[in-house]
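# Topology and contacts: notes
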Amino acid sequence: MPFSSPGPRAVRQTAGAFGAVALIALCAAPAVAADGPATGLALGTIAPFDKVKPGSELPLSPTFTNTGTAALDKVWLSYSVTRGLGQSAVPSNCLSYTVGSSAEEPGHTQLVCEFDQPVQTGVVYTPERPLTLKALDRALYEHIQVTVDSSAPVPDDGAAAPVHGTAAALKLVERPDEKTPPTGAASSADVAVNALNTADLQVGGAQLKGKAGDTVTLRVRFANAGPAWVQPQPGQRAAHVLVTLPEGTSAVRTDTLCTNTGAESYACGTGAPWVNEHESRTYTFKVKLDKAVPGARGYVELGSEARPFDHVKKNDTARITLAVSGGTDTTDGGSTGDGGSKGGDSTGGTGSTTSTGGTGTGTDGGTTTTGGTTGTASGTGTTGDLTTGGSDSTGGNLAATGAGPALPLAGAAAVAVVVGAGVVVAARRRGGRED
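Quantities reported herein were computed from a predicted structural model and do not represent experimental measurements.

## Observations regarding the sheet that holds strand 26 (residues 317–325)
Paired through their backbone hydrogen bonds, the strands of a sheet run either parallel or antiparallel. Reading across the sheet, the six strands line up as 18-26-25-20-23-22 and stay open at both edges, with mixed pairing between neighbours. Each edge of the open sheet carries a strand with a single partner, namely strand 18 (206–211) and strand 22 (258–262). Neighbour-to-neighbour, the strand axes of this sheet turn through a mean angle of 20°, independent of strand direction. As judged from the six bridges shared by strand 18 and strand 26, these two strands associate in the parallel manner. The residue of strand 26 that forms the bridge with Gln207 is Thr321.

## Looking at the environment of Leu289
Relative to the assigned elements, Leu289 resides in strand 24 (residues 280–289). When sequence neighbours within four positions are dropped, the list of residues in contact with Leu289 reads Leu208, Lys209, Gly210, Lys211, Ala212, Gly213, Asp214, Val216, Gly248, Thr249, Leu322 and Val324.

## A few points about the pattern of salt bridges
Enumeration according to the criterion identifies eight salt bridges in this entry. One salt bridge in this structure joins Asp177 and Arg175, with 3.4 Å as the shortest N-O distance. On the accessibility criterion, Arg175 (27% relative accessible area) is partly exposed. Close ionic contact of Arg237 with Glu305 constitutes a salt bridge, the shortest N to O distance being 3.3 Å.

## Thoughts on the packing of aromatic side chains
Given two aromatic rings, one states the distance between the centres and the angle between the planes to describe the pair. For the coordinates displayed, the defined rule picks out three aromatic pairs. Consider the rings of Phe64 and Tyr125, whose centres lie 5.9 Å apart with planes at 25°: the pair is stacked. Placement of Phe64 in strand 6 (residues 64–66) and of Tyr125 in strand 11 (residues 124–127) is noted, with a sequence separation of 61 residues between them. Here the two residues Phe64 and Tyr125 agree in accessibility, since each one is buried.

## Considering the nonpolar core
In globular proteins that are soluble, nonpolar side chains generally tend to be buried together. Among the nonpolar cores identified, the biggest contains 35 residues, and Leu218, Phe222, Val243, Tyr283 and Phe285 are the most heavily contacted of them. Broken down by secondary-structure element, the contributors of at least two residues to this core are strand 17 (199–204), strand 18, strand 19 (215–227), strand 20 (241–244), strand 23 (265–268), strand 24, strand 25 (297–302) and strand 26. Ranked by size, the runner-up nonpolar core spans 33 residues in total, among them Phe49, Leu60, Phe64 and Val75.

## Considerations on the environment of Pro106
Of note, Pro106 is situated in the loop between strand 9 (94–99) and strand 10 (108–115). Of the residues examined, Pro106 reaches a relative accessible area of 0% and is grouped as buried. Along the sequence, Pro106 and Arg83 sit 23 residues apart, while their C-alpha atoms lie 7.9 Å from each other.

## So, the state of the cysteines
A full pass over the atoms with the stated rule returns two disulfides. The disulfide partner of Cys94 is Cys113, and the gap between their sulfur atoms is 2.0 Å. For the disulfide bridge between Cys94 and Cys113, the dihedral angle about the S-S bond is near 105°, and by the sign convention the bridge is right-handed. Separated by 19 residues along the polypeptide, Cys94 in strand 9 and Cys113 in strand 10 bring together distant segments of the chain. By relative accessible area, which is 1% here, Cys94 ends up buried. Note on cysteine connectivity: Cys258 is disulfide-linked to Cys268, with sulfurs 2.0 Å apart. Between Cys258 and Cys268, the S-S torsion sits near 110°, and that sign places the bridge as right-handed.

## Details of the confidence of the model for the protein
Do not read the predicted coordinates in detail wherever pLDDT is low. Averaged over all residues, the pLDDT of the protein equals 75, while 66% of them reach at least 70. Taken together, the stretch residues 327–385 has pLDDT below 50 and engages in 218 contacts with residues farther than four places along the chain or on a different chain. Note that pLDDT drops below 50 for residues 387–435; the model gives that stretch 195 contacts with residues more than four away or on any other chain.

## What about the pairing of strand 13 (residues 141–149)?
Strand 13 sits mainly inside the fold: eight of its nine residues count as buried. In the sheet, strand 7 (residues 75–82) pairs with strand 13 via six bridges, with the strands oriented antiparallel. The partner of Tyr79 across the bridge, within strand 13, is Val146. The pairing of strand 13 with strand 16 (residues 188–195) spans seven bridges and is classified as antiparallel. Note on strand 16: the bridge partner recorded for Glu142 is Val193.

## Some remarks on unusual backbone geometry
A cis amide bond links Gly226 to the next residue, Pro227, at an omega of 5°. Residue placement: Pro227 occurs in strand 19. Of note, the phi angle at Lys51 is positive, near 55°, even though the residue is not glycine. With respect to the helices, strands and loops of the structure, Lys51 is situated in strand 4 (residues 49–52).

Rules and cut-offs
Residues numbered from 1 in each chain as written. Predicted model: local features only at pLDDT ≥ 70, side-chain atom pairs only at ≥ 80, totals over all residues. Heavy atoms only, no water. Pairing = 2+ DSSP bridges. Helix = DSSP H or I, 4+ residues; strand = E, 2+ residues; numbered from the N terminus. Axes fitted to C-alpha atoms, helices over the stretch in contact; angles between N-to-C directions. Contact = heavy atoms within 4.5 Å. Salt bridge = Lys/Arg side-chain N within 4 Å of Asp/Glu carboxyl O. Buried < 20%, exposed > 50% of the residue type's maximum accessible area, 1.4 Å probe, protein only. Phe/Tyr/Trp six-rings, centres within 6.5 Å; stacked < 30°, edge-to-face > 60°. Core = buried A, V, L, I, M, F, W, Y, C linked by side-chain atoms within 4.5 Å. Disulfide = S-S within 2.5 Å. pLDDT = per-residue confidence, 0-100.

Here it is as C-alpha cells:
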C-alpha cells in the first residue's frame, strides 16, 4: 500500500523552492552546523474518517508545532492520497502530481503545499482553510499520509510532472486553543478512510470436453465487478483463487500465476496484492483427459481472505464439469447456484484481462494484464462482471455459480503455499485506485 507498515514509502527530503513554472526545483539541502539550533516539527492527532459515502467530501485540517529551539522561515505540508480519493480545488501554493504503481504499491496522488512564512517554536499552526478531498465511486479502504517538514519533499520515482493549483493560496494561522503535540510526536501520520462501499469478487467455471487421452485448454476466470477497488492491509492481499481439476484429468501445463498445492489443486494469485475495480484475469491450463469418471467435477473458488465488502456470495464458487467421449457424460448443464440449481454451460474465454479506472478525479490505476499462457480456444471475455468461463468446448452463457461441496484444498493452507511459493506479482504502472 502507499502507506504500508512499518512506515510509508520513504519521503526523501532536500531543500527546494516553488518556481514560476509548474515544477519543484530540487537542490541539495544546506548542512546544519553541529552547534546550530535544533529544529523539529510534530503533527497533532488526526482522527480517521469512518463510514464515508462515495461522493462525500473530507475536510482535512492538520495541526503541527515547531518543537525545535529556533524559528523556521517556511514549512511544507504534503498529503499522499490513495486512488479512491480525489481533490478538486488545489490552492495555488500547492503542487499536485500522480505517482504510478510499483510491484508493491498501487499508484497514488501527492499534494505538496509550501508555506513561506515564519513558524515560531512552541506554537500550534494549521492552514486557514481545510484541504478538501472527495471519496470517489471506487473508494473502500483508503489512506491519507500527512507529513510536515522544513524542506521540500522530492517526488517519488514514477511521478508525473507537478502541476500548480489554481485556487486561492493558503496561509498558516495560529491555534492557541490547541494543545501542543506530546513529546516524541511524529512529523508524519497515516489517516485511515473507510468508505461505505462494496466490491463483488467473483469466479467463473468451465466445461472440459474431449476424448480420453486428449489434451485440452481450460480457462477459468476471476473478476472484481466493483464498484470499489480493494486495497488490503499491509502484508496481506485482497484475494487469491483456488482451482481443483475434476477427477480423471491432470494438468500438463499450469498458469504462471498458479502453484500446485497437492494432487490436482492449485492456488492462483491475482498479480498484485490489491485488486482494481472492473479488473479481470483468466487462468489458462493445459489439461489431459485421462479417463471418464462418472460425476466428476472440479471447482474454482475464491480463497480464504476476509471479504466483508462482498455481499454477493453465489458467484464465489463455480464448477469445472467434465464430458469425455466414450464414457459417461458428467455435465449437468454447467455450474450450479445455491441449493444445487442448474445453470447453462460455461463458454470459452480469452487469455487477456483488463482493468479500468473508476469515476471521479484522482489517480487512475487502469492497467492491462494477461492471465497466463494463451490457449487455442475461441470465445470472448469481458471486463469486470464475469460473463465467460473457458475451455476448448463450445457453450452458452456462464453458468450460474454457487457454493459447491467443500473443496479438498483448505483455504489457509493455500494462502501459505502461494506466499511461500512466491506467486508472480505483476508490476503495474498507472498513468493517471481507480483503484
